[in-house]
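Spelled out from the first residue to the last, the chains are:
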Amino acid sequence: MNLKTEANLLKISIFSTIVLAIIGIIFGLLASSSTIIFDSIYGLIDAVMTTLALIVAKLIINSTSKDFVNSRLEKHFTMGFWHLEPIVLGVNGILLISAATYAFINAIDSFLLGGREILFGYAIIITLISIVIELSLGFYIKKANKTINSEFLTLDSISWLISASMSFGYLIAFGFGYFAMNTNLQWITPYIDPTILIIVTILVIPMPLKTVKKALADILLVTPSELKSHVDKVAQNIVNKYGFNSFRAYVARVGRGRQIELYFIVPKSWPPKRLEEWDLLRDEIEKELGKEDPDLWLTIVFTTDFEWAE
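Criteria and thresholds
Residues numbered from 1 in each chain as written. Predicted model: local features only at pLDDT ≥ 70, side-chain atom pairs only at ≥ 80, totals over all residues. Heavy atoms only, no water. Helix = DSSP H or I, 4+ residues; strand = E, 2+ residues; numbered from the N terminus. Rg over C-alpha atoms; globule rule 2.2 N^0.38 Å. Contact = heavy atoms within 4.5 Å. Pairing = 2+ DSSP bridges. Axes fitted to C-alpha atoms, helices over the stretch in contact; angles between N-to-C directions. Buried < 20%, exposed > 50% of the residue type's maximum accessible area, 1.4 Å probe, protein only. 1 Å grid on protein atoms, 1.4 Å probe; cavity = no way out; pocket = protein on both sides within 12 Å on 5 of 7 lines; lining within 4 Å. Points joined across faces, edges and corners; volume = space filled by probe spheres on them. Nonpolar A, V, L, I, M, F, W, Y, C, P; charged D, E, K, R; others polar. Salt bridge = Lys/Arg side-chain N within 4 Å of Asp/Glu carboxyl O. Parallel < 35°, antiparallel > 145°, perpendicular 65-115°, else oblique. Patch = residues over 30% accessible without salt bridge, like charges linked within 9 Å, V, L, I, M, F, W, Y side chains within 5 Å. Areas by Shrake-Rupley, 256 points an atom, 1.4 Å probe, with all protein chains shown as cover.

Asker: I tried to follow the overall build of the protein chain on my own but got confused; where do I start?
Answerer: When its secondary structure is counted, the protein chain shows ten helices and three strands. When the elements of the protein chain are put in sequence order from the N terminus, they spell out α-α-α-α-α-α-α-α-β-β-α-β-α. Taken over C-alpha atoms, the radius of gyration comes to 26 Å for the protein chain, far larger than the 19 Å a tight globule of 310 residues would show. The dimensions of the protein chain, computed from C-alpha atoms along their principal axes, are 95 × 40 × 30 Å.

Asker: Help me understand the side chain of aspartate 156, please; the structure alone is not making it clear to me.
Answerer: Position of aspartate 156 among the secondary structure elements: in helix H5 (residues 151-180). With near-sequence residues (within four places) excluded, aspartate 156 lies in contact with Leu10, Ser13, Asp46, Thr50 and Ile141.

Asker: Help me understand the sheet that holds strand E2 (residues 257-265), please; the structure alone is not making it clear to me.
Answerer: Through backbone hydrogen bonds, the strands of a sheet pair up, either in parallel or in antiparallel fashion. The sheet built from three strands is open, its strands ordered E1-E2-E3 with mixed pairing. Since the sheet does not close on itself, it has two edges, and those belong to strand E1 (246-254) and strand E3 (296-303), each with one partner. Strand-to-strand twist across the sheet, computed as the mean angle between neighbouring axes with direction ignored, equals 10 degrees. Bridge count for E2 against E3 is eight bridges, and the pairing is parallel. When the bridges of E3 are listed, glutamine 259 appears paired with tryptophan 297. Running over the sheet, helix H8 (residues 225-242) touches E1 and E2 and is turned about 155 degrees from E1. Strand contacts of helix H9 (residues 275-289): E2 and E3, with the helix running at about 140 degrees to E3, the strand carrying the most contacts.

Asker: How do you make sense of unusual backbone geometry when you look at a structure like this?
Answerer: Where the residue is not glycine, phi is negative for most of them; where a peptide bond is considered, it is trans in most cases. With a phi angle near 60 degrees, asparagine 149 is a residue other than glycine that sits in the positive phi range. You can call asparagine 149 exposed: its relative accessible area is 66%. Unlike most non-glycine residues, asparagine 182 shows phi in positive territory, near 60 degrees. Structurally, the position occupied by asparagine 182 is in the loop between H5 and helix H6 (189-204).

Asker: Help me understand empty space enclosed by the protein in this model?
Answerer: A probe matching the size of a water molecule, rolled over the atoms, marks out where space remains unfilled. Under the defined criterion, the tally for this structure stands at four cavities of 30 Å³ or more. Looking at the largest cavity, its volume works out to about 240 Å³. Taken together, 19 residues make up the lining of the largest cavity; nearest its centre are Leu20, Asp39, Gly43, Glu134 and Ser163. Mapped onto the lining of the largest cavity, the elements with two or more residues apiece are helix H1 (6-31), helix H2 (34-63), helix H4 (120-148) and H5. Here the lining of the largest cavity takes six residues from H2, the largest share from any one element. By volume, the second largest cavity amounts to about 80 Å³. Every residue lining the second largest cavity is counted, 13 residues in all, and those nearest its centre are Tyr42, Leu96, Ala99, Ala100 and Met166. Listing elements by their share of the lining of the second largest cavity, those giving two or more residues are H2, helix H3 (84-112) and H5. Among the elements that take part in the lining of the second largest cavity, H3 stands out by supplying five residues, more than any other. Counted by class, the lining of the second largest cavity contains twelve nonpolar, no polar and one charged residues.

Asker: Help me understand the pattern of salt bridges in this model?
Answerer: Any two side chains of opposite charge can pair if their charged atoms end up close together. Per the counting criterion, the structure on display carries five salt bridges. The shortest N-O distance in the salt bridge between aspartate 279 and arginine 282 comes to 3.1 Å. One end of the pair, aspartate 279, and the other, arginine 282, are both in helix H9, three residues apart, so they sit about a helical turn from each other. For aspartate 279, a relative accessible area of 38% gives the class partly exposed.

Asker: I keep staring at the pairing of E2 and nothing clicks. Help me out?
Answerer: Note on strand geometry: in a regular strand, side chains alternate between the two faces of the sheet. Of all the nine residues making up E2, seven are buried; the element is thus mostly covered by neighbouring parts of the structure. Here nine bridges tie E1 to E2, and the two strands are oriented antiparallel to one another. Each bridged residue has a counterpart across the sheet, and for alanine 249 the counterpart in E2 is leucine 262. Adjacent in sequence and paired antiparallel, E1 and E2 are bridged by two residues, among which glycine 255 carries a positive phi angle near 65 degrees.

Asker: Help me understand the packing of H3 against H5, please; the structure alone is not making it clear to me.
Answerer: Any two packed helices are characterised by the angle at which their axes cross and by the distance between the axes. For the pair H3 and H5, the least separation of the axes is 10 Å and the interaxial angle reads 10 degrees. Taken together, the axes of H3 and H5 lie roughly parallel to each other. Taking contact as the criterion, the partners of Glu85, Val88, Leu89, Asn92, Gly93 and Leu96 in H3 are, on H5, Glu151, Phe152, Leu155 and Ser159. The residue makeup of the contact of H3 with H5, split by class, is five nonpolar, three polar and two charged.

Asker: Just checking my understanding: could you explain a nonpolar patch on the surface for this structure?
Answerer: The grouping of Ile41, Ile45, Ile87, Val91, Leu95, Leu216, Ile219, Leu220 and Val222 at the surface amounts to a nonpolar patch, some 730 Å² of accessible area in total. Sorting the residues of the nonpolar patch by element identifies H2, H3 and helix H7 (209-219) as the ones contributing at least two each. The element contributing the most residues to the nonpolar patch is H3, with three residues. Locating isoleucine 87 in the fold gives a position in helix H3.

Written as structure tokens, this is what we have:
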């Protein structure tokens, strides 16, 4: 089995998240730590979103294959599944931000109420286990994604590194609390956990913002300037080469998909052409725009009526 594919990396991430979350809940109960329990429940939520991301990734890949044309899903999703990718990415990013924000508010509330006494030994053990697993998966997925270039894997690696940074904060808190027990600093121990958690959440809340912003732009069909410039350049070259009057280009990025509609205004004085000739011209334009890209949705129209292009 190839471990460096998008689907398999997401499967590893899901399995690891569920196992770590279950272990975390057990140790959280033993340590009487609400922070560890919350962190584990958040991990389960993340596993659900990663599972959804895996399903969407499979649907997108299958929808670009020849077998999809005759499948049952094709009858209901004739436009493909690209639109699901930014939705999942956006929801996942918002959940990460919301969870960190909730942890921040909860930490402040705990601090104001006098903190919380926990069993630091159990807390340190689960925190060390978490750091090793989270850092290993975060950097491994990030490295593997350099060749895959998947938005899902980018967010997933960020999620693991966010979790590792939070766990590292917990380790500092629990370690200090462990050594401060039965000393003249023991009065500080109930405040250690909420204080470190406040610092960590302030650092991690902004991390998924870039992904959420990009997902929102895709959902709203905001035209990417670089892609629009490239399409305009290719279309203008075709206009100059073949003598069309002008063109209209409509461009959007939806997840990994690129949706392009091109309308070329043909002079009314032109003699009729065979359909095969127009198809050859479409092939030429498609080649310039990325014929081998399975995530390209391209529509090319030739018309003498400007209204069809507006």
